[in-house]
Amino acid sequence: MLTNLNIENIAVIEKADITFENGLNVLTGETGAGKSILVDAINAVLGERTSRELVRHGAENASVSAVFENVNSLVMDKARELGIADSDDDTLIITRRISSQGKSTCRVNGTPATVSMVKELGSMLVNIHGQHDSQQLLNDAFHCHFLDMTGDDSSFLAEYQKAFKELVSIRKRLKALTADADTKDRRLELLDYQIKELTEAEIKIGEREELTAKRDLVLNSQSIANVMHQINSAFNGDDDTEGVLGVIATLMKSVSDISALDEKSKQLYDLLDSLGDNAERIKDAAAARLAELDFSEGELEKIEERLDLIYRLGTKYGETEEKMLEYLDSAERERNSIVNSDEELEKLNAVYDTAYDATLKAAQRLSDYRRRLADKLESDVKEQLVFLDMPKIQFVVNMERGRLSSNGYDSVEFLISTNPGEPPKPLVKIASGGELSRIMLAIKNIIAKNDSVDTLIFDEIDTGVSGRASRKIGLKLKSVSEHTQVICVTHSAQIASVADAHLLISKEYKNDRTYTSVKALDFDERKNELARIMGGLEITDALLQSAEELLLNN
């Protein structure tokens, strides 16, 4: 629900910080005090269109922030889907800033958001019903949703939507299979080329890395060979010098000659023998490495060509060998699918027919259920409207069969007749603003328990009605507020008297400027405000007594 609204530099409101309670909140004040501006500010923070004229004269920017607490899971899921930063306590803070040049920026929980994102969330958070707004009741696209919310059994809709989702999935597969023959031929030609190119390349996982290492080895082979030759020369010797192996052999013979004279010399012989073995191993390792460096002519060119081929294929089919092989596998499967599409098409057509029949039956069950709901809704709304002093209005739920959609095949529209003998017509063509608000109040009272929108705002719902009717409207607002937060702008003392929270909007003049303020009223302040509403200019003791009686009787 909406718990706090902070307004800065919106029209005549320089600064206001408003706290709303659960239940029924009413806003009253003299004509021109700024009640409509408050609704404009709420519309702005919910993503509706604004203009720079909304910015207070002389100010560079205006801003509105709204805090919604205990937000339902549907709204939080939508916020996460839109990439909005999550909160630990299911809270959404929406802020909209409007410049004097007409530009605006939005944030939700500190995350920058577009106006369309805010509007999408706003439509799920608040419904505003007033004299001039384009409310949901005027849009027949919402009427089926309202009808569904009057029922307690969601299984019919869930069963249908599951069947319809499966039908759509099969239809997409059929569409892909029944694509134009020329398109198929062109696709097959491309797939054949790609499969041939990848198959002939014989890509192996890890090949690029191995070739790169081998290329580096070829490029550096001369430097490595020079070192190996140095080792070979040092250990074998040449015509002018005796190598390491020869020196060790000479020393071993000398030590062997004196070993009979000196027992400890035998230890030196063993060490020289071990050294000779290691020297042999070093010489052999160097020779082996030299043999490995014996590359054939054109070896480097072959490596470069292979690496170039792998690179070119990688730009088309995937950066790595794994991705290229995955592409090959996918291409082969797609080719087989197209080649075998005629057989698959026949099977899929049979599956589609079965799914279509199942969806149609589910749609029929849903439609039958909705017709039962429609009969009850007509009766319930009629009862509500009689209570609201609108006994002559005839309310009709018109249902016609249309095309299958995610919502069934029912086309639902609410019709009314305001005069006896006149045929029912669409609400948008017949109902006045006040009538629409009261019809919406009647419907909301019926669906309040199942309504996913947690805050309802009624702007001057009492326009053009008598005190008796206002009293009844107040009772209905109070009834709706047991399940949904209600905020009501009103001129009616009867409606204001039943509120859980009463806010007074007033204006004053300072230094040739107009300032609007919003104040929460206590019991005595409420009594004085009700007396003002009832009496006009002069507040008498009788009016105060009547106001107190109104408050105490609620």
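The rules behind each value
Residues numbered from 1 in each chain as written. Predicted model: local features only at pLDDT ≥ 70, side-chain atom pairs only at ≥ 80, totals over all residues. Heavy atoms only, no water. Pairing = 2+ DSSP bridges. Helix = DSSP H or I, 4+ residues; strand = E, 2+ residues; numbered from the N terminus. Axes fitted to C-alpha atoms, helices over the stretch in contact; angles between N-to-C directions. Contact = heavy atoms within 4.5 Å. Buried < 20%, exposed > 50% of the residue type's maximum accessible area, 1.4 Å probe, protein only. Arc of directions from axis to C-beta.

**Q** Give a detailed account of the sheet that holds strand S2 (residues 13-19), specifying residues and quantitative values.
**A** Reading across from one edge, S2-S1-S4-S5-S6-S7 is the order of the six strands in this open sheet, with antiparallel pairing throughout. Of all the strands in the sheet, just S2 and strand S7 (111-113) have a single pairing partner and so form its edges. Sheet twist, expressed as the mean angle between neighbouring strand axes with direction ignored, is 15°. As defined by bridge partners, strand S4 (residues 61-68) adjoins strand S5 (residues 92-99) across eight bridges and the pair is classed as antiparallel. Bridging from a neighbouring strand, Val-67 pairs with Ile-93 of S5. Helix H1 (residues 35-45) rests against strand S1 (2-10), S2, S4 and S5 of the sheet, and its axis sits at about 105° to S1. With respect to the sheet, helix H3 (residues 115-125) is in contact with S4, S5, strand S6 (104-108) and S7, its orientation differing from that of S6 by roughly 55°.

**Q** Please provide a residue-by-residue account of helix H2 (residues 73-81), values included.
**A** All buried positions along H2 are accounted for by Val-75, Met-76, Lys-78 and Ala-79. Looking straight down H2, one finds that the buried residues subtend no more than 160° of arc, so they occupy a single side. Among the exposed residues of H2, those oriented more than 90 degrees off its buried face are Ser-73, Leu-74 and Glu-81. Where the residues of H2 are buried, they touch S5 and H3.

**Q** So what about the environment of Thr-183? Which residues, and what values?
**A** As for its position among the elements, Thr-183 is in helix H6 (residues 181-201). Separated by 171 residues in the primary sequence, Thr-183 and Thr-354 place their C-alpha atoms 28 Å from one another.

**Q** Which residues make up the sheet that holds strand S3 (residues 24-28), and what values do they have?
**A** Read across the open sheet, the six strands follow the order S8-S12-S13-S3-S14-S15; overall the sheet is mixed. The open sheet has two free edges, formed respectively by strand S8 (126-129) and strand S15 (513-520), since each of these has just one partner strand. The mean angle between the axes of side-by-side strands here comes to 15°, regardless of whether they run parallel or antiparallel. Taken together, the four bridges between S3 and strand S13 (residues 485-489) define a ladder with parallel strand orientation. Within S13, the residue paired with Asn-25 across the bridge is Ile-487. Against the sheet, helix H18 (residues 523-535) contacts S3, strand S14 (501-510) and S15, and its axis sits at roughly 70° relative to S14.

**Q** Outline the pairing of strand S9 (residues 394-405), listing residues and values.
**A** Regular strands place side chains that alternate from one sheet face to the opposite one. With nine bridges connecting them, S9 and strand S10 (residues 408-417) associate as antiparallel partners. In the strand pairing of S10, Gln-394 is matched with Ser-417. Linking S9 back to S10 in an antiparallel pair, the connection comprises two residues.

That is the geometry; function is a separate question.
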